[in-house]
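# Chain and residue survey
Read off the chains here:
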Amino acid sequence: MSPEPPTTSLPPPRATCVLVVDDDDATRMLVSRWLAKGGITLFEARSGEEALKIAEERGDEFDAVVLDVMMPGLDGFEVCRRLHDLPMTASTPVLLLTAHANDDKQVVLGVEAGAIDHLAKPFSGPVLVAKVKAICARSQRERQLRSKLEFAERHATVDGLTGLFNRRHFDKRLREEMAHAKRHQRPFTVLMIDLDHFKAVNDTFGHAEGDKVLRHVAAAMPKVLREDDMAFRYGGEEFALILRSTTAESAMSVAERLRQLLKSAPIELGAGGSAPENKVVTYSGGLASADQTNDFDGEAILVRADAALYTAKRTGRDRTVVASDADALAGPVSKR
Ligand SMILES: [Mg+2]
C-alpha cells in the first residue's frame, strides 16, 4: 500500500457555477438569464429527479443550487434533503424559490430540509444575483479550506521526493503494527534498506542524479509489495518496509524480489554528460520479525533490523540478512 504521489500545488480556483431547478420553463429561463448576466455558469434541470441525476454525476462542479419548491414528482424540500445525502453535494448550499415566502410553515419546512436561504416568487433579479453570489463565495471559501486541509494532511505523511510515506508516518504505523501483532498473535516483519555506495553517486553525478536513484528505488517498491505492505523513506538513502502478517522467511522473498527487480532495471546516470553510466542499484537489507520467539514484542525490532543491516554491509553488501539472536546481542551499531 503506497500513497498516491503528492501534488505540489492546490487546485486553481474555478468559475462560479450553479444548478437551477424549476419545472416552469419561463421561471427557470428567467433565473438563468439573471445569473448568467451576473457572470455565473449554469446547469439546468426541469425536475427534482433530473436535478439528482446531474448532482450524482457532476455535483462537484457547482457551488450552489437554486431550487423551486413546487414541482410535480419530488418537491423542492425532498430534493434538498436528497442532495445533502449525496457525497458530492452533501455540503452544497441550496436556495429555495417559493411562492409562499410569507407562510411560516413553508419557511420552517425549507430550513428543516437544510436550505440555507429562500427567495419569494416573483423574485427580484438583483436580489437573486446578490444572494446567489454571496452563497457561492462562501461555498468556494469552504472548499478551498477543505483542499488546504487535505493538502496539509497529505504532506504530513508523505515524502515529497519519492512519494512514499515518510519517517514520521513510519513511527506511527510501527506502533500500530506492534499493537496489532500482539492482539492477533500474528507476526510482522520490518525490512530496513540502505542503498549501497549512494554517496559515490552524489559525488560523481551530483545530487539531482542521486535524487533520481531514490525515486527509481521508490518506484520499484509497489511492484513487489502486497496489499497490506507499506513502504517508507526512512531518511537519506534509507528505506523501510513494514510487512504485515509476514514471517522473516516470506519477507526474505519480498526483499529478494526487490533486489532482482532493481538488477533487471539499471538506471542511466549522467545522461548528457561526458561519461553517462548505466548503473545497477543494489542495497543492503536487514530483516527483523516480531513473532512468538519474542512474544510478538516489536520494541527492539528496529535495533535488530539495523544490526542485521550492518551485517549485510560488513559481509559484502547487495544482500539481505535476517536478524539473529547474535545480532540482537551486539546491540545498536553504526552501520556505515
Ligand atoms: Mg414549480
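Okay, so let's go over this structure.

Thresholds applied
- Residues numbered from 1 in each chain as written.
- Predicted model: local features only at pLDDT ≥ 70, side-chain atom pairs only at ≥ 80, totals over all residues.
- Heavy atoms only, no water.
- Donors = N, O, S within 2.8 Å, 3.2 Å for Na, K, Ca; no water.
- Helix = DSSP H or I, 4+ residues; strand = E, 2+ residues; numbered from the N terminus.
- Buried < 20%, exposed > 50% of the residue type's maximum accessible area, 1.4 Å probe, protein only.
- Polar contact = N/O pair within 3.5 Å; in protein donor to acceptor, adjacent residues only side chain to side chain.
- Axes fitted to C-alpha atoms, helices over the stretch in contact; angles between N-to-C directions.
- Parallel < 35°, antiparallel > 145°, perpendicular 65-115°, else oblique.
- Contact = heavy atoms within 4.5 Å.
- Nonpolar A, V, L, I, M, F, W, Y, C, P; charged D, E, K, R; others polar.
- Arc of directions from axis to C-beta.
- Pairing = 2+ DSSP bridges.
- Salt bridge = Lys/Arg side-chain N within 4 Å of Asp/Glu carboxyl O.

Moving on, we come to the coordination of the magnesium ion. Coordination of the magnesium ion by the protein is provided by Asp23 (OD), Asp68 (OD) and Met70 (O), with metal-donor distances spanning 2.1 to 2.3 Å. Sequence spacing of the donor residues for the magnesium ion, all on one chain, is D-x44-D-x1-M. Of this pair, Asp23 sits in the loop between strand S1 (17-21) and helix H1 (25-37) while Met70 sits in the loop between strand S3 (64-68) and helix H3 (76-85), and the two are 47 residues apart along the sequence. According to the relative accessible area criterion, Asp23 is partly exposed, its value standing at 31%.

Let us look at the environment of Asp103. By the element assignment, Asp103 lies in the loop between strand S4 (94-98) and helix H4 (104-113). What makes Asp103 partly exposed here is its relative accessible area of 34%. A distance of 2.9 Å separates a polar side-chain atom of Asp103 from the backbone nitrogen of Lys105.

So, on to the packing of helix H7 (residues 198-205) against helix H8 (residues 207-224). Axis separation between H7 and H8 bottoms out at 7 Å; the angle between their running directions is 140 degrees. Our classification of the angle between H7 and H8 gives oblique. Here Phe198, Val201, Asn202 and Phe205 of H7 lie close against H8, whose contacting residues are His207, Glu209, Gly210, Val213 and Leu214. Here the contact of H7 with H8 is composed, by residue class, of 5 nonpolar, 3 polar and 1 charged.

With that settled, consider unusual backbone geometry. In this chain, Lys121 is followed by Pro122 through a cis amide linkage whose omega measures -5 degrees. Summarising the element assignment, Pro122 is placed in the loop between strand S5 (117-120) and helix H5 (125-157). The residue Asp295 is not glycine, and still its phi comes out positive at about 60 degrees. A positive phi is found at Asp318, a non-glycine position, where the angle reads about 50 degrees.

Every buried residue belonging to helix H2 (residues 48-58) is among Gly48, Ala51, Leu52, Ile54 and Ala55, and all of these are buried. Down the axis of H2, the sector holding all buried residues measures 160 degrees, keeping them to one side. Looking at H2, the residues exposed on the side facing more than 90 degrees away from the buried face are Lys53, Glu56 and Glu57. On its buried side, H2 packs onto S1, strand S2 (41-45) and H3.

Our focus in this paragraph is the sheet that holds S4. Spatial strand order, S2-S1-S3-S4-S5: 5 strands in an open sheet with parallel pairing. Strand pairing shows two members of the sheet lacking a second neighbour, S2 and S5, which therefore form its edges. Between one strand axis and the next, the sheet turns by 20 degrees as a mean value, whatever way the strands run. Taken strand by strand, H2 contacts S1 and S2, and its axis lies near 135 degrees from that of S2.

What follows concerns the pattern of salt bridges. All told, the structure shown has 23 salt bridges when counted by the stated rule. A salt bridge links Glu61 to Arg58; its shortest N-O distance comes to 2.9 Å. Overall, Arg58 belongs to the partly exposed group, its relative accessible area being 38%. Among the salt bridges present, the one from Glu256 reaches Arg259, with a minimum N-O distance of 2.9 Å. Taken together, the positions of Glu256 and Arg259, both in helix H9 (residues 248-264) and 3 residues apart, correspond to about one turn of that helix. Judged by its relative accessible area of 31%, Glu256 is partly exposed. Via salt bridges that share partners, Glu256, Arg259, Lys263 and Asp318 belong to a single interconnected network.

Consider a sheet: its strands pair through backbone hydrogen bonds, and that pairing is either parallel or antiparallel. Spatially, the 5 strands line up as an open sheet ordered S7-S8-S6-S11-S12, and their pairing is mixed. With partners counted over all chains shown, the strands left at the sheet margins are strand S7 (230-235) and strand S12 (319-322), one partner each. Taking the axes of each pair of neighbouring strands and ignoring which way they run, one obtains an average angle of 20 degrees across the sheet. Sheet topology note: the S7/strand S8 (residues 238-244) ladder contains 5 bridges and is antiparallel. For Ala231, the partnering residue across the bridge sits in S8 and is Leu241. On the sheet, helix H10 (residues 301-314) packs against strand S6 (188-195), S7, S8, strand S11 (283-290) and S12 and is oriented at approximately 150 degrees with respect to S11.

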